[in-house]
Amino acid sequence: MTLKLYDTMTRRKADFAPRDPQRVTMYVCGPTVYNFAHIGNFRPVVVFDLLFRLLRDIYGEDHVLYAANVTDVDDKINRKAAEEGVAIGVITDRYLSAYNADAAALGALRPTFQPRVTETMDAIIAMIARLVENGAAYAAEGHVLFDTQAYPDYGKLSGRPMDEMIAGARVDVAPYKRHPADFVLWKPSKENEPEWPSPFGPGRPGWHIECTAMIDEALGLPIDIHGGGVDLIFPHHENERAQGVCATHDHTYAAVWMHNGFLNFGDEKMSKSLGNVALAHDLIQHYPGEAIRWALLAGHYRGPLEWNGELIEQAKSALDRLYGVLDDVARAIRGGAPEESRRADKIDALVARVREPLCDDLNTAAAMSELFGISDGLRQALMKQDWKGVANHRAALLEAANLMGFLTADPQGWFQSGADEGLKARVDELIAARAAARAAKNWADADRIRDELAALNVEVMDGPTGATWRIKEQA
Ligand code: AMP
Ligand code: ZN
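Each chain carries its own residue numbering, running from 1 in the written order of its sequence. Naming scheme: in the order in which they are written, chains are lettered from A and ligands are numbered from 1. The predicted origin of the model limits local features to residues at a pLDDT of at least 70 and limits the giving and counting of side-chain atom pairs to 80 or more, whereas totals for whole chains, interfaces and linings rest on all residues. Note that water and hydrogens are dropped before the side-chain values are worked out from all heavy atoms of the structure.

### Let's talk about the site of ligand 1
- Lining the immediate environment of ligand 1, one finds 18 residues, of which Gly40, Gly229, Asp231, Leu263 and Met270 sit closest.
- Asparagine 41 is positioned such that a nitrogen or oxygen atom in its side chain is 3.2 Å from an oxygen atom of ligand 1.
- N or O atoms closer than or at 3.5 Å make up a polar contact, with two conditions inside protein: a donor-capable atom paired with an acceptor-capable one, and, for residues adjacent in sequence, both atoms drawn from side chains. A distance of 3.4 Å is found between a nitrogen atom of ligand 1 and a side-chain nitrogen or oxygen belonging to asparagine 260.
- The protein chains hide 86% of the 480 Å² of surface that ligand 1 would expose on its own.
- Only Asp, Glu, Lys and Arg are considered charged in this grouping, and only Ala, Val, Leu, Ile, Met, Phe, Trp, Tyr, Cys and Pro are considered nonpolar; every other residue, Gly among them, is considered polar. Class assignment for the residues of the shell around ligand 1 results in 7 nonpolar, 9 polar and 2 charged. Here a residue counts as near a molecule or strand whenever at least one of its heavy atoms sits within 4 Å of it. Working definition of accessibility: Shrake-Rupley area with a 1.4 Å probe, residue cover restricted to the visible protein chains.

### Quick look at the sheet that holds strand β12 (residues 268-269)
- Any two strands with at least two DSSP bridges between them are considered paired. Put simply, DSSP H or I for four residues or longer makes a helix, DSSP E for two residues or longer makes a strand, and each gets a number counted from the N terminus. Ordered in space as β12-β11-β13, the 3 strands form an open sheet in which the pairing is mixed. Among the strands making up the open sheet, the edge pair consists of β12 and β13 (305-306).
- Bridge count between strand β11 (residues 263-265) and β13: 2 bridges; the pairing is parallel. Counterpart to leucine 263 in the pairing with β13 is leucine 305.

### Describing the domain arrangement of the protein chain
- Residue ranges labeled as domains rest on an automatic or database domain assignment. According to the domain assignment, the protein chain consists of domain 1 (16-283), domain 2 (309-414) and domain 3 (416-471).
- On a C-alpha basis, the centroid separation for the pair domain 1 and domain 3 is 53 Å.

### Some points on unusual backbone geometry
- Note that the residue after leucine 221, namely proline 222, is joined by a cis bond; omega there is -5°.
- Counting through the fold element by element, proline 222 comes out in the loop between α6 (207-218) and β9 (223-229).
- Of note, the bond from phenylalanine 234 into proline 235 is cis; its omega dihedral lies within 30 degrees of zero at 0°.
- One can find proline 235 in helix α7 (residues 233-248).
- Of note in this structure, aspartate 361 is not a glycine but carries a positive phi near 50°.
- Looking at the element boundaries, aspartate 361 is found in the loop between α11 (344-359) and α12 (364-383).
- The backbone of glutamine 385 shows a phi angle near 55°, a positive value even though the residue is not glycine.
- Looking at the element boundaries, glutamine 385 is found in the loop between α12 and α13 (387-403).

### Quick notes on the coordination of the zinc ion (ligand 2)
- In this analysis a donor is any N, O or S atom within 2.8 Å of a metal ion (3.2 Å for sodium, potassium and calcium), and since water is not included, sites may seem incomplete. The zinc ion (ligand 2) binds to the protein through Cys29 (SG), Cys211 (SG), His236 (NE2) and Glu240 (OE), with metal-donor distances spanning 2.0 to 2.6 Å.
- Around the zinc ion (ligand 2), the 4 donor atoms are arranged such that angles at the metal cover 79 to 129°; this shape is classified as irregular.
- The sequence pattern describing where the donors of the zinc ion (ligand 2) fall on their chain is C-x181-C-x24-H-x3-E. You can see cysteine 211 sitting in helix α6 and its partner histidine 236 sitting in helix α7, a full 25 residues away along the chain. Like histidine 236, cysteine 211 is buried. Any coordination sphere not matching a tetrahedral pattern (four donors, all angles between 85 and 135 degrees) or a square planar or octahedral pattern (four or six donors, opposite donors over 155 degrees apart, other angles between 65 and 115) is reported as irregular. Only protein chains enter the accessibility calculation, which uses a 1.4 Å probe; a residue whose area is less than 20% of its type maximum is buried, one above 50% is exposed, and one in between is partly exposed.

Here it is in structure tokens:
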């Protein structure tokens, strides 16, 4: 199946052809770790995790290398460290752990590499030196600047005239710049700020060069796919590309550029500076990670996504429907229904119905509706007691959903996921007491226990192998 991806630079969808199918490379710009990340920051995490899974599915798990960086040198980090009176590493380690835990809760696989600026300093400095040597950068007043006039292709990625881009991005105009669009590769640190020694004087790197050097160090330039949010096209990605091409003399840098649209909250882009944020960290306390992931993937990744409570409730019910069918099948099997052997060809044909829209530039909405198609088939097979059909549809539903990072929980666990350990223990106790009361024909006690369970918002389902339970849907 051919994978088609939309490329921001050519502005069209094209067949994806990696330079080396044995070694497919992807890089995505990651977070600056000084605070908890908001759910908008996790849109690229989930979108590119989906692409990572799809690439692994197509090219094989060992043939896809995915690097997602961490920016751990930044003014905001310095400020936070100063506020708390600790070293920047204390701040960045704390929020990187939280970020990784949240990403995992949203079903994101760990990228192959997670490079950090502080650990890539030598490569960053070496790349700046190479740019100076190649005549694409110059030193001025303790800074090293990229000379945009040395790169005729500058502006090709964002496709906007230079003066418009400069006005739009409010590029700093500094007297030591030869051209207003020239940007910083290295700068002196302010007093009490962390600094690193370099041939250009002590200081710290500019944001753009960090990514280019991390890509080269982790994956080797050029790469197949470069991703990030749409806000990064200019100046960040335009500058990354200029640096990479001038440092390596290879014009590709990244063969495909992919950008996710904004996640909006209350008619505006969710952003820390606007203050309209919902933290993934908080949402995870209230909703299963898969439901948040579903909500993030419900619309096409290139379009804007309006975030609201309804979106996530819809996502939760969509998953309840899929888990509900799996739960019914599991119960039938526990009740003695035969587990038939599966037919690989039938399963593959069903999974292909989900893979196909994903291969069309990640058409997630269509892929989700194909998941429902398979689950309807599973429900029908169950009703007809077609146990071969049940075995094939169940395996296909799980495989196809797993490709997207869904249905990874045990169905019974999914429906009990709102319950804490204390509630689970209490419910198990009550169910056992009810069974004992019934066995002793003590109907009054059995009824009283049933009412007590109902008051706990628990639905009990009696089956031939005993009772199971789930948290009732809120009306
Ligand atoms: P930042 O920490 O702001 O540099 O953002 C990290 C990543 O999240 C980048 O790829 C951004 O483009 C992306 N991002 C930030 N805010 C949003 C948003 N509201 N919607 C979608 N992506 C976002
Ligand atoms: Zn970057």
